[in-house]
Amino acid sequence: MDSTTNTATLTNTYNATSLKVNKVWKGIPDGVDKPSSVSVSLLANGEATGKTLTLNSGNNWSDEFTGLPKTDDSGKTIIYTVKEATVDGYTSAQTTKDGSVTLTNTYIPKKTSIKVHKEWTGIPDGKDKDRSVIAVLYKNGKETDQTLTLDKNNNWTGTFGNLPVTDENGGKITYTVEEKAVPKGYTTSTPGPRAVKDGKVTLVNKYTPGKTSINVHKKWTGVPSGVTTPKVTVTLFKNGNATDQKLTLDSQNNYSGKFDNLPITDDNGKTITYTVEETAVDGYKADQKGQVAVKDGVVTLTNEYIPKQTKITVKKLWKGVPSDSDKRSITAVLYANGVRTDKTVELNANNNWTAEFTNLPVTDKNGKTITYTVAEKSVPDGFTTTTSGLQPVKNGVVTLVNEYVPHKTSVTVNKVWHGVPNGVDTPQIVVTLFANGKSTGKTLTLDSQNGYLGIFDNLPTTDSDGNAITYTVEDNGYTSTTTGQRAVINGAVTFVNVFVPKDTSIKVVKQWSGVPSGTVPPSIIARLYANGKATDKTVTLDASNHYSASFDNLPETDADGKTIVYTVSEIKVPSGYTSNTVGPQPVKDGVVTLKNQRTPVTPDNPKNPKTPKTPTTPGKPDKISSSQTPSKVTTKSSNGHHKKNTKTPTPVNAQKEKLPQTGDKAKQEIALTVVGIVMGALLIAWRFVGIDRKTK
């Protein structure tokens, strides 16, 4: 107060404040423009004040409410807040710190979806794709927790939906999809996270077919001693088309090789037919032409040596023949190693009594040198021979000599053997000459030394009365297909004997290993091979015959007398087993043992069985009828239809009374049904007991 003027000055200071507002934008993708401006209203104690701010790029999205009273008329502090006008396409949030409000607008990204499809290739006919796969979503290369299960119920198709196109910073999100685990027995042609194209991802699994192998053997026949067999090249064919797989067979690998690790089916699941073909070998003749089929995993290629050729000239020499006598034509027969052949030549005046045996192999099928001889088939009446029996070849020539003897004849006798095995000696035989049905007492001994050829010579053509004599010959003491007295035809008689081979039998035994107790192994079929070639003889081995059977009444030798080599092979190894005796197996002491080992099977995608729900306590039934007792099991067939089995199914390869396996959906359902029935029965029994106690 001023004492001189008695005046007082009162000064009121306005207590004001301010509120700064900042705008922040987040998550706006490239190419998307911010709004041109936003409006912010001021609220005092929650009530609109009518004051607004406009934030835009011109004020760098920041402005301030100023000159705001701190208190109201009552002296209470005013609380200021702001409210932003709604901005479409954005979310809004605000924070206040040190007298400043920050309004944050975050861009709401657009949404997308990804359709995922599973594709299977190369699955053989009849093999069901009854398995599921899991597809995992990746976001910018990082695995998310989003997955899809693809199976036949959803036609192997699913969708990842409601996926933001951009992230919180506005950056575009790159999505990829990967198959979590490839099922056993398949490979993937789409490995790793797969890019999305036109909103789709296709995951492709290719069936991995089982593998097989082909054993190839080369067999040589008729190769002479000292001749070295050449190496050969064998090409593998696949469905009739040559592959680049080849084998070289030679003495170093004992002319044996193997095409290994061959797929059984192609990319479309079709069974592949394999064949092999040998490159032609000069100087040898192949038993097979072109592509050779594979039988039971084995191919045997046989080449026969083509021997060098020779020829034999045969000459006929006549002695003492009067000028008015006719020289009859004669037939010369070729013998090989003392055995008569079917080769003959005729000698007559037209060929000047000279002919040739041509194109004669020097060696036989075993490569041994052939010794040729020639004999006159029969001596004409009125002549005798000075070269009887088998005549050797000298410098490529054989000369047969006949001498004129009037009113005389001769009988040539031949013994022919068929089907005699190598190593079996044919016996000598004695033949007797008969004249007009009566024994003359004259005999011949025929054996391997004389090629079973002999001549009754210098025989009169007529008896003392001038009647023609009829000569016959009888084979003594040996069973023949030409029994009794044989008539002489054109001066010759031939006796034929066919060897009756001994019979043998082969026992086939199947051995199983690794088979669980209580499991009955399946039946198998074994095929008989003769000299490496499949026959039509088979036996079935199963539990009823204790997996043992026999091939009986088998000849030991063939029509040519050669020993037959028998082998036995399993036609097809059952699923779930592997064979330890692949291909034709040799006979040992009259027995062939085929061995199969059980291959354990592990479920591809084990699943945890669902926990059964607690059954609702049933009400008291009036009466349990027999029709309510489950007696049939419904199973699902491969074509998706249901069928009822009135008998308890017992799989051949399943262990008896075996608990349901993980992932075996059908068995789990049956097991859960049984559990539910048992629990229901227990609850019913419990309820009856309770009622009984109450009544007491």
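For the structure, check the block above.
A brief structural summary. Bear in mind that the values here come from a model prediction, so they are computed numbers and not experimental data.

The helix and strand inventory of the protein stands at 1 helix and 48 strands. Looking at the protein as a whole, 34% of its 696 residues qualify as buried. Taking contacts inside the protein between residues at least 6 apart in sequence as the whole, the part at least 24 apart equals 61%. If you sum the accessible surface of the protein, you get close to 42500 Å²; carbon and sulfur atoms cover 48% of it.

What the 4 strands build is an open sheet, ordered β11-β8-β15-β13; its pairing is mixed. Edge positions in the sheet fall to β11 (157–164) and β13 (186–188), since each has one partner strand and no second. The mean angle between the axes of side-by-side strands here comes to 25°, regardless of whether they run parallel or antiparallel. Examined bridge by bridge, β13 and strand β15 (residues 200–207) share 3 bridges and lie antiparallel to one another. From the neighbouring strand, Thr188 faces β15, where its bridge partner is Asn205.

With that out of the way, let us pick up the sheet that holds strand β39 (residues 503–513). One open sheet accounts for 4 strands, arranged β42-β39-β46-β44; its pairing is mixed. Edge positions in the sheet fall to β42 (548–555) and β44 (577–579), since each of these pairs with one other strand and no more. Across the sheet, the axes of successive neighbouring strands diverge by a mean angle of 25°, strand direction being ignored. Of the strand pairs in this sheet, β44 and strand β46 (residues 591–598) are connected by 3 bridges, and their pairing is antiparallel. Along β46, the bridge assignment pairs Ser579 with Asn596.

Below, the discussion takes up the pairing of strand β6 (residues 90–97). The sheet contact formed by β6 and strand β7 (residues 100–107) spans 8 bridges and is antiparallel. Residue pairing in the sheet places Lys97 in a bridge with Ser100 of β7. In textbook terms, the turn of a hairpin is the stretch between consecutive antiparallel strands, and for β6 and β7 this stretch comprises 2 residues, one of which, Asp98, has a positive phi near 55°.

Attention now moves to the packing of aromatic side chains. Considering all chains together, one arrives at 15 aromatic pairs under this definition. Here Tyr284 and Tyr305 contribute two aromatic rings whose centre-to-centre distance is 5.6 Å and whose plane-to-plane angle is 70°, an arrangement assigned as edge-to-face. You can see Tyr284 sitting in strand β21 (residues 284–286) and its partner Tyr305 sitting in strand β23 (residues 298–305), a full 21 residues away along the chain. Neither Tyr284 nor Tyr305 differs from the other in exposure class; each is buried. Arranged with centres 5.1 Å apart and planes meeting at 70°, the rings of Trp512 and Tyr577 form a pair that is edge-to-face. Pair noted here: Trp512 is in strand β39 and Tyr577 is in strand β44, with a separation of 65 residues, a long-range link. Residue classification places Tyr577 among the buried residues on the basis of a relative accessible area of 6%. An aromatic cluster is defined as three or more aromatic residues linked by ring pairs; in this entry it consists of Trp25, Trp61, Tyr90 and Tyr107. A cation over a ring is seen here: Lys218 above Trp220, with NZ or CZ 5.1 Å from the ring centre. When the ring centre of Trp512 is taken as reference, the NZ or CZ atom of Lys510 above it lies at 5.2 Å.

Criteria and thresholds
- Residue indices follow the written sequence of each chain, beginning from 1 at its first position.
- Two thresholds apply to this predicted model, a pLDDT of at least 70 for residue-level local features and 80 or more for giving and counting side-chain atom pairs, whereas whole-chain, interface and lining totals are computed over all residues.
- Only hydrogens and water are set aside; all other atoms, that is, all heavy atoms of the structure, feed into the side-chain values.
- By the criteria applied, helices consist of DSSP H or I runs no shorter than four residues and strands consist of E runs no shorter than two, each listed in order from the N terminus.
- Relative accessibility under 20% of the residue-type maximum defines a buried residue, over 50% an exposed one, and the middle range a partly exposed one, all with a 1.4 Å probe and only protein chains included.
- Any two residues whose heavy atoms approach within 4.5 Å are treated as being in contact.
- The protein chains shown are the only cover counted for residues, whose accessible areas, like all others here, come from Shrake-Rupley with a 1.4 Å probe.
- Paired strands, in this sense, are two strands between which DSSP finds at least two bridges.
- Lines fitted to C-alpha atoms define the axes, with helix axes restricted to the stretch in contact, and inter-axis angles between N-to-C directions lie between 0 and 180 degrees.
- Two aromatic rings, drawn from Phe, Tyr or Trp (for Trp, its six-membered ring), form a pair once their centres lie within 6.5 Å of each other, and the interplanar angle then sorts them: stacked below 30 degrees, edge-to-face above 60, tilted otherwise.
- For a ring to carry a charge above it, either NZ of a lysine or CZ of an arginine must fall within 6 Å of the ring centroid while also lying within 35 degrees of the normal to the ring plane.

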